[in-house]
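Chain and residue survey
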Amino acid sequence: MTMILRVFGIAALLMGGLWVGQGTGVIMWPASSFMLAQGQWAYIGAGLMLIGAFALWRSGKRG
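Below is a summary of the structure that appears in this document. (Residues numbered from 1 in each chain as written. Predicted model: local features only at pLDDT ≥ 70, side-chain atom pairs only at ≥ 80, totals over all residues. Heavy atoms only, no water.)

So, about unusual backbone geometry. That bond from tryptophan 29 to proline 30 is cis: its omega, -15 degrees, falls within 30 degrees of zero. Relative to the helices and strands, proline 30 is located in the loop between α1 (2-24) and α2 (39-62). With phi around 55 degrees, alanine 37 is a residue other than glycine that occupies positive phi space. Along the chain, alanine 37 falls in the loop between α1 and α2. (Helix = DSSP H or I, 4+ residues; strand = E, 2+ residues; numbered from the N terminus.)

Right, let's talk about the nonpolar core for a bit. Grouped together as the largest cluster of nonpolar side chains are five residues: Ala12, Trp19, Met35, Trp41 and Leu48. Put simply, the parts of the chain that give this core at least two residues each are α1 and α2. (Core = buried A, V, L, I, M, F, W, Y, C linked by side-chain atoms within 4.5 Å. Buried < 20%, exposed > 50% of the residue type's maximum accessible area, 1.4 Å probe, protein only.)

It is worth stressing that arrangement in space is one thing and function is another; only the former is reported here.
See below:
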């Protein structure tokens, strides 16, 4: 269970970071993405990053 939480946490942090970057317009890749410069995706990405950080924190407490 600890390994699953770690993998999920890292994936959520990376994906959330990408979404924040795309939502704020810092990362303009891929060019065909519908998330580019759309502010709501920055908030969704930040929330996903919080979930990922919580999963990593929780995996550290378990094992």
